[in-house]
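Structure assessment
What follows is the residue order along each chain.
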Amino acid sequence: MQSDHDASDTPEAPSRSQRRREALALFDLGEALLTLSPSRLAGIELPEDVRTEIAHVRRITAPVARKRQLQFLAKLMRRHADAVFAPARAALGGDAVAHRREVANAHRLEALREHLLAEGDVALGELLQHHAQADRQNLRALIRQARGERAGNRPPHAYRELLRQLRALESAAAAATTDSTPDDATN
């Protein structure tokens, strides 16, 4: 005798917990889509009703109303197949990788700044080996001023300027490496 709920006849529906996880994932995706600039969002393929609702949620400033409207956006997104949002997830995944790379670079530059403040001329010499175009006198003056600010418990103007200079050196070095292509080397 077979029961009405024979496992071979009907596929199992997702559990309540699984449906909740999927709904929360779509809520998070909607929230991430809201953080994108309009130009970035325009480059992502989305259903028109979802795009319209995103524009509507962006106009809402009250936190509770915004959250409620964001929940409605997630509900609207659940009506579409999961594959529809694959391009959006891919675009946001690329953003996450780029964000981690930027954060790691910022930490590296901050560590370099601390190394310059701790070691002084030795660390500055190491830096100048990698960045010959750097202004030695300006960097040395900034290091000295930042040490004085720290010792005198003053606002960190030179400390911040030193980090800006290090970022400028890094971006100039990155631009120089992207400008020199293998075609230039063969000519």
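For the structure itself, look to the data block above.
First things first, this report covers the structure right here in the doc. (Residues numbered from 1 in each chain as written. Predicted model: local features only at pLDDT ≥ 70, side-chain atom pairs only at ≥ 80, totals over all residues. Heavy atoms only, no water.)

1. Overview of the overall build of the chain
Secondary structure assignment for the chain yields nine helices and zero strands. Its helices and strands in sequence order give the chain the pattern α-α-α-α-α-α-α-α-α, from N to C terminus. A separation threshold of at least 6 residues defines the contact pool for the chain, and within that pool the share at least 24 residues apart is 57%. Surface exposure of the chain reaches about 12,900 Å², of which carbon and sulfur atoms provide 53%. (Helix = DSSP H or I, 4+ residues; strand = E, 2+ residues; numbered from the N terminus. Contact = heavy atoms within 4.5 Å. Areas by Shrake-Rupley, 256 points an atom, 1.4 Å probe, with all protein chains shown as cover.)

2. Re unusual backbone geometry
The phi angle at asparagine 153 is positive, at roughly 55 degrees, despite the residue not being glycine. Within the secondary structure, asparagine 153 is located in the loop between α7 (136-152) and α8 (157-179).

3. Quick word on the pattern of salt bridges
One pass over the full model with this rule turns up five salt bridges. Here aspartate 82 and arginine 89 are joined by a salt bridge, their closest N and O atoms 3.2 Å apart. We classify arginine 89 as partly exposed; its relative accessible area is 32%. (Salt bridge = Lys/Arg side-chain N within 4 Å of Asp/Glu carboxyl O. Buried < 20%, exposed > 50% of the residue type's maximum accessible area, 1.4 Å probe, protein only.)

4. A look at helix α6 (residues 121-130)
Along α6, the positions that sit buried rather than exposed are Ala123, Leu124, Leu127 and Leu128. One side of α6 holds all its buried residues, which, seen down the axis, span an arc of 140 degrees. Away from its buried face by more than 90 degrees, α6 exposes Val122 and Gln129. (Arc of directions from axis to C-beta.)

5. Some points on the packing of helix α3 (residues 48-59) against helix α4 (residues 63-78)
It is at 10 Å that the axes of α3 and α4 come closest, and there the two elements cross at 175 degrees. For the element pair α3 / α4, the angle class is roughly antiparallel. Facing Asp49, Val50, Glu53, Ile54, His56, Val57 and Arg58 of α3, the residues of α4 in contact are Arg66, Gln69, Leu70, Phe72, Leu73, Leu76 and Met77. The class makeup of the residues in the contact of α3 with α4 is eight nonpolar, two polar and four charged. (Axes fitted to C-alpha atoms, helices over the stretch in contact; angles between N-to-C directions. Parallel < 35°, antiparallel > 145°, perpendicular 65-115°, else oblique. Nonpolar A, V, L, I, M, F, W, Y, C, P; charged D, E, K, R; others polar.)

6. Here we look at the side chain of arginine 113
By the element assignment, arginine 113 lies in helix α5 (residues 86-119). Glutamate 114 provides the closest opposite charge to the buried, unpaired arginine 113, separated from it by 4.4 Å. A polar side-chain atom of arginine 113 sits 3.2 Å from the main-chain carbonyl oxygen of tyrosine 159. Setting aside residues up to four positions removed in sequence, arginine 113 forms contacts with Tyr159, Arg160, Leu162, Leu163 and Leu166. (Lys, Arg positive; Asp, Glu negative; His and termini not counted. Polar contact = N/O pair within 3.5 Å; in protein donor to acceptor, adjacent residues only side chain to side chain.)

7. Regarding α3
The end-to-end C-alpha distance of α3 is 17 Å, a good match for the 16 Å that twelve residues give at a rise of 1.5 Å each. Among all positions of α3, only Val50, Glu53, Ile54 and Val57 are buried. Down the axis of α3, the buried side of the element spans an arc of 105 degrees, and every buried residue falls inside it. In this structure, α3 carries Glu48 and Arg59 as exposed residues pointing more than 90 degrees from its buried face. (Expected span 1.5 Å × (residues − 1).)

8. Some points on the side chain of glutamine 69
Along the polypeptide, glutamine 69 turns up in helix α4. Contacts of glutamine 69, omitting those with residues within four sequence positions, involve Glu53, His56, Val57 and Ile60.

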